[in-house]
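# Structural overview
Chain by chain, the residues run as shown.
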Amino acid sequence: MPPVSPKLSTVSQHFIIGTAGHVDHGKTALIRALTGAETDRLREEQERGMSIDLGFADFKLPSGRHAGVIDVPGHERFLKNMLAGAGGIDLVLLVIAADEGVMPQTREHLDILNILQTRRGVVAITKADLVDEEWLELVQEDIRGVLKGTFLAHAPMVPVSSITGAGISDLRNLLDQMAEDVPTRTIVGPWRLPIDRVFTIRGFGTVVTGTLIAGVARVGDRVEVLPRRVESRIRSLQVHGASVDFAEAGTRVAVNLAGLEVEDIERGDVASPPGVYTATQALDARLDVLESCPREVRNRTRVRVYLGTAEVLARLNLLDAEVLEPGQSGLVQLRLETPTVAAKGDRYVLRFYSPMDTIGGGTIIDPSPVRHKRFDAAVLANMAVKEKGTPEELVAETVQRSNLTPIAPQAIGQALGMPLEEVRRLVGELKEQGELVGLEGETVVHRHRLDAAGHQVVSTLSEYHAAQPMRTGMSREELRSRLSRQMDAKGFNLILGRLEAEGKIVSEGGRVRLASHSPQFTPEQQRIAEAFEQGLLADPFNAPFYEDLRSAAGLPAKPAQEVWEALIDNGLVVRITADVFLHRKAVDQAIARVREYLAENKTITAAQFRDLLGTSRKYAVPLMEYLDAQRVTRRLGDARELF
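Scoring rules and cut-offs
Residues numbered from 1 in each chain as written. Predicted model: local features only at pLDDT ≥ 70, side-chain atom pairs only at ≥ 80, totals over all residues. Heavy atoms only, no water. Axes fitted to C-alpha atoms, helices over the stretch in contact; angles between N-to-C directions. Helix = DSSP H or I, 4+ residues; strand = E, 2+ residues; numbered from the N terminus. Parallel < 35°, antiparallel > 145°, perpendicular 65-115°, else oblique. Left-handed = near helix turned anticlockwise from the far one by under 90°. Contact = heavy atoms within 4.5 Å. Nonpolar A, V, L, I, M, F, W, Y, C, P; charged D, E, K, R; others polar. 1 Å grid on protein atoms, 1.4 Å probe; cavity = no way out; pocket = protein on both sides within 12 Å on 5 of 7 lines; lining within 4 Å. Points joined across faces, edges and corners; volume = space filled by probe spheres on them. pLDDT = per-residue confidence, 0-100. Core = buried A, V, L, I, M, F, W, Y, C linked by side-chain atoms within 4.5 Å. Buried < 20%, exposed > 50% of the residue type's maximum accessible area, 1.4 Å probe, protein only.

## Some words on the packing of helix H15 (residues 546-553) against helix H16 (residues 557-569)
Axis separation between H15 and H16 bottoms out at 11 Å; the angle between their running directions is 125 degrees. One way to sum up the angle between H15 and H16 is to call them oblique. The chirality of how H15 crosses H16 is right-handed. Of H16, the residues touching H15 (which contributes Tyr 546, Leu 549 and Arg 550) are Ala 557, Ala 560, Gln 561 and Trp 564. Here the residues of the contact of H15 with H16 sort into five nonpolar, one polar and one charged.

Structure representation (structure tokens):
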């Protein structure tokens, strides 16, 4: 009986699931439990119990719909193999082991999926049989915190065990439900197949596999394999292990190519109809640098470009910036060391040549550009026109490029050449969707910028508290100095205000701390602090100088200095002048006495102030000036009155 091909439709109806996650978190075992297939096909993978290369499987969902599965390796050394499989994914299955939680490759895979604009996914918490319910709840809470602000922020989580089978049926049903909402891919236009595997089947010859990302490929079609420019013909096609007459975009497909040897093709090549695409050694693109990128990106940096299934070395030419910091975006030209194939709108990932940290990625604007001069106004204007997307995307992107500087609709319209009323309408819609955040007047900032900067503030404060547990918080200026250069004073105040309103931080007295933090002293540090307090309070308005206090108590110099500075930072010790320090209780008592005195006498002189507190002029004059500065009193000739 001849094979039955699916009915040709105007849109693709196929569904590709891709795994992501840290090494040894059970991705392959989970796929085996879901599909019954073994995706570790290499002997070394089976012996080591670790995926090295891409694995593939397919299975039938409860509704009867077929799903293809790409199992990617988690180990950082095999990340390029993960990238080769990530581009064709409709839905990601983020795998996190219950006994370990979020790990480095979890985060890096998540960054890559964000760059590739994966929009849907499920979190599978594997090895759930190894932990108790309380631990599982903690892991889920931690995962949700890591996923905040990503496309998986509200993704469903399913605890599973590939050993006991617990949760597997629930996961399978959930994937079936989510398949209904996956956008179909257009099949209009020429077909294109980035190749991820090449092998030989005895009696058939050379076979290539990949995810068809455009068009419809048919048995008998002529084929050109680029960038090698070798030609062939499709002898046969298979989808989900069954022979078909044609395959549509979004399908995992195996293509039997006539007249070619395995040596003629390799992963990263692209199969397509002859004469449609051309190989290129330059790409114009938008580059979005990850907030997590470990260092700034400079012009002429040697990089690794991951595009489709290809990994290509290149020089990165920054066209509109001298340098790109983490979190920044710019127009770039990639000068490739070897040719590859791309189309406008393709997504790519960029990593440093060495060490191979992920830089970021973006969208291809022009797959075959001429060489550009940097900072050329005409070139940049032309690229901006090519880059334009939908009006909503253009408005959102313009706001995002303004970083943390609030931008008004008038400025957005001027930048885009768009009517003001149209911009206002789009801004309103984006605010309703939560993508933009409204501020004073009509100004807005992008939510992603706020979230990223807020995360940076919280992370910086967490590190500070860990290093300085005795201190209440970090000074505002020190905190700002540690943050991105793009965070000006207005943006800095905006972020702190937002975090304080959310109850995440407290900002008071020129210092900032996490809301959950309180100063922590070791027993020895507490002993030193109590000695200082006793010394200051013995004669509160005639307190000894620091060195006299320390010597009298017999305190070691370095530990005493650290505790003393912490007491000042925490406000328990008040600096009146460079040499005069009083306990907070003494200052509060002085304020109370002065207010009571002035309520009856209207004014107070320095001599009266001295007698009121039972102190000397050495302390009275500086303390009066301190109260002036604190707006408790104000000078009136030789006397003071209430402010």
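## Remarks on empty space enclosed by the protein
Throughout the structure, instances matching the rule amount to two cavities of 30 Å³ or more. Roughly 30 Å³ of volume is contained in the second largest cavity. What lines the second largest cavity is simply Val 594, Ile 604, Phe 609, Met 624, Leu 627, Thr 633 and Arg 640. Among the residues making up the lining of the second largest cavity, the classes are represented as five nonpolar, one polar and one charged.

## Remarks on the packing of helix H14 (residues 523-537) against H16
Two numbers describe how H14 lies on H16: the axes approach to 9 Å, and their chain directions differ by 65 degrees. By the angle between their directions, the pair H14 and H16 is classed as roughly perpendicular. As H14 runs across H16, the sense of the crossing is right-handed. Seen from H14, the contacting residues are Gln 525, Ile 528, Ala 529, Phe 532 and Leu 536; seen from H16, they are Pro 559, Ala 560, Val 563, Trp 564 and Leu 567. Of the residues in the contact of H14 with H16, the class split is nine nonpolar, one polar and no charged.

## Quick look at the confidence of the model for the chain
Summary statistics for the chain give a mean pLDDT of 84 and a share of 89% for residues scoring 70 or more. Note that pLDDT drops below 50 for residues 1-12; the model gives that stretch 26 contacts with residues more than four away or on any other chain.

## Some points on the nonpolar core
Counting residues in hydrophobic clusters, the biggest one holds 39 residues, and the most contacted among them are Phe 532, Trp 564, Ile 576, Phe 609 and Leu 623. Broken down by secondary-structure element, the contributors of at least two residues to this core are H14, H15, H16, strand E30 (573-575), strand E31 (581-583), helix H17 (584-601), helix H18 (606-613) and helix H19 (617-629). Those residues in contact with Trp 564 that sit more than four places away from it in its chain are Phe 532, Leu 536, Tyr 546, Leu 549, Val 573 and Phe 581. Among the nonpolar cores identified, the runner-up in size contains 31 residues, and Cys 293, Ala 310, Leu 316 and Leu 334 belong to it.

## Side note on unusual backbone geometry
Across the junction of Leu 226 and Pro 227, the peptide omega takes the value 10 degrees, indicating a cis bond. If you check the backbone angles, Asp 24 has positive phi at about 65 degrees while not being a glycine. Structurally, Asp 24 can be placed in the loop between strand E1 (16-21) and helix H1 (27-35). Positive phi, normally seen in glycine, also occurs at Arg 631, with a value near 60 degrees. Relative to the elements of secondary structure, Arg 631 occurs in the loop between H19 and strand E33 (633-636).

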